[in-house]
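Structural overview
One-letter residues, chain by chain:
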Amino acid sequence: LIIHNNIRGGNVNGIDIVGTSNVNINNVLVSTADDGIVLKNPTSVPMSNIKIRNSRISTTANGFKIMTETYSDINDVSFTDSEIITTEFFPGAISGVAIESVDGSHVSNIKVDNIMMNGVLGPLFIRLGNRNKYDTKDLMSRIDNIRISNIYCYNCQLPSIISGVMDKDSELTITLSLIHI
């Protein structure tokens, strides 16, 4: 599958996976001016068992992203054996991999492995917070069991960012290994 979106347009994500489970994406080429492959879950049903591999993503936003517009859980996701490049765009991608939980979701059991990046501003962006977007105090954002390994980043301009605003019920558990920047 080849997706070649308008590189001058807004809101032109390559692939949006929204509120669904049991997804297998393999051998895709995505070229877009917005996020390459995005998971978001504004539904009331958890998402799980999502596998993305052997993909090549060219973007000016984020290569792979677990989105902010997410108040239901996302778990058991793997993003492996892929490449994120920005050679045809200026400026380069914002981040190679972005994992965010700021609207109440529990993002867990995420595996990111063997990803090559070239020309992204920052390789990793991980954010835990609470924007209070869905006007409910029962939602508590959580990120746990994130395993990121074998990341190779060339021509990066900024460091990776891991940030979070935590309270007594928040969780942020991330394992990083073999990150080459």
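Structure's up top.
These numbers were taken from a predicted model, which means no experiment stands behind them.

Turning next to the overall build of the protein chain. Helix and strand counts for the protein chain come out as zero helices and 15 strands. Surface summary for the protein chain: the accessible area is close to 8,500 Å², and the carbon and sulfur share equals 49%.

With that out of the way, let us pick up the environment of Thr-175. Within the secondary structure, Thr-175 is located in strand β15 (residues 172–180). Of the residues examined, Thr-175 reaches a relative accessible area of 46% and is grouped as partly exposed. With 31 residues separating them in the primary sequence, Thr-175 and Asp-144 have C-alpha atoms 9.4 Å apart. If we ignore the near neighbours within four places in the chain, the residues touching Thr-175 are Ile-146, Arg-147 and Ile-148.

You can see Ser-72 is positioned in the loop between β8 (62–66) and β9 (74–85). Judged by its relative accessible area of 8%, Ser-72 is buried. Within the local environment of Ser-72, its side chain forms a polar contact with the backbone oxygen of Thr-43, the two atoms lying 2.3 Å apart. Beyond its immediate sequence surroundings of up to four residues, Ser-72 is in contact with Asn-41, Thr-43, Ser-44, Val-45 and Ser-105.

Turning to the nonpolar core, a few remarks are in order. If you look at the biggest cluster of nonpolar residues, it comprises 36 residues, and the most contacted ones within it are Ile-17, Leu-39, Ile-52, Phe-64, Phe-79, Val-97 and Met-117. Those residues within four positions of Phe-64 in sequence are excluded, and the remaining contacts are Ile-37, Leu-39, Ile-52, Val-77, Phe-79, Ile-84, Gly-96, Val-97 and Ala-98.

A word on the state of the cysteines. Scanning all chains against the criterion turns up one disulfide. Disulfide pairing places Cys-153 opposite Cys-156 at an S-S distance of 1.7 Å. The partly exposed category is assigned to Cys-156, whose relative accessible area is 24%.

All right, on to the sheet that holds strand β5 (residues 37–40) then. With parallel pairing, six strands are arranged side by side in an open sheet as β2-β5-β8-β10-β12-β14. At either end of the open sheet lies a strand with only one pairing partner, and these are β2 (15–18) and β14 (161–164). Adjacent strand axes in the sheet meet at a mean angle of 10 degrees, parallel and antiparallel pairs treated alike. Two elements, strand β12 (residues 122–128) and β14, share four bridges in a ladder whose sense is parallel. Paired with Phe-125 across the two strands is Ile-161, which belongs to β14.

The next point concerns the pattern of salt bridges. The final tally for this structure, using the stated rule, is five salt bridges. One salt bridge connects Arg-127 with Glu-100, and the closest N-O pair in it is separated by 3.7 Å. Separated by 27 residues along the polypeptide, Arg-127 in strand β12 and Glu-100 in strand β10 (residues 95–101) bring together distant segments of the chain. Beyond isolated ion pairs, a larger network of salt bridges with shared partners links Lys-65, Glu-100 and Arg-127.

Counted by the stated rule, this structure contains one aromatic pair. Measuring from ring centre to ring centre gives 4.5 Å for Phe-64 and Phe-79, while their planes differ by 10 degrees; the resulting arrangement is stacked. Remark: Phe-79 occurs in strand β9 and Phe-64 occurs in strand β8; sequence separation between them is 15 residues. Taken individually, Phe-64 and Phe-79 each receive the classification buried, so the pair is uniform in this respect.

About the cut-offs
- Residues numbered from 1 in each chain as written.
- Predicted model: local features only at pLDDT ≥ 70, side-chain atom pairs only at ≥ 80, totals over all residues.
- Heavy atoms only, no water.
- Helix = DSSP H or I, 4+ residues; strand = E, 2+ residues; numbered from the N terminus.
- Areas by Shrake-Rupley, 256 points an atom, 1.4 Å probe, with all protein chains shown as cover.
- Buried < 20%, exposed > 50% of the residue type's maximum accessible area, 1.4 Å probe, protein only.
- Contact = heavy atoms within 4.5 Å.
- Polar contact = N/O pair within 3.5 Å; in protein donor to acceptor, adjacent residues only side chain to side chain.
- Core = buried A, V, L, I, M, F, W, Y, C linked by side-chain atoms within 4.5 Å.
- Disulfide = S-S within 2.5 Å.
- Pairing = 2+ DSSP bridges.
- Axes fitted to C-alpha atoms, helices over the stretch in contact; angles between N-to-C directions.
- Salt bridge = Lys/Arg side-chain N within 4 Å of Asp/Glu carboxyl O.
- Phe/Tyr/Trp six-rings, centres within 6.5 Å; stacked < 30°, edge-to-face > 60°.

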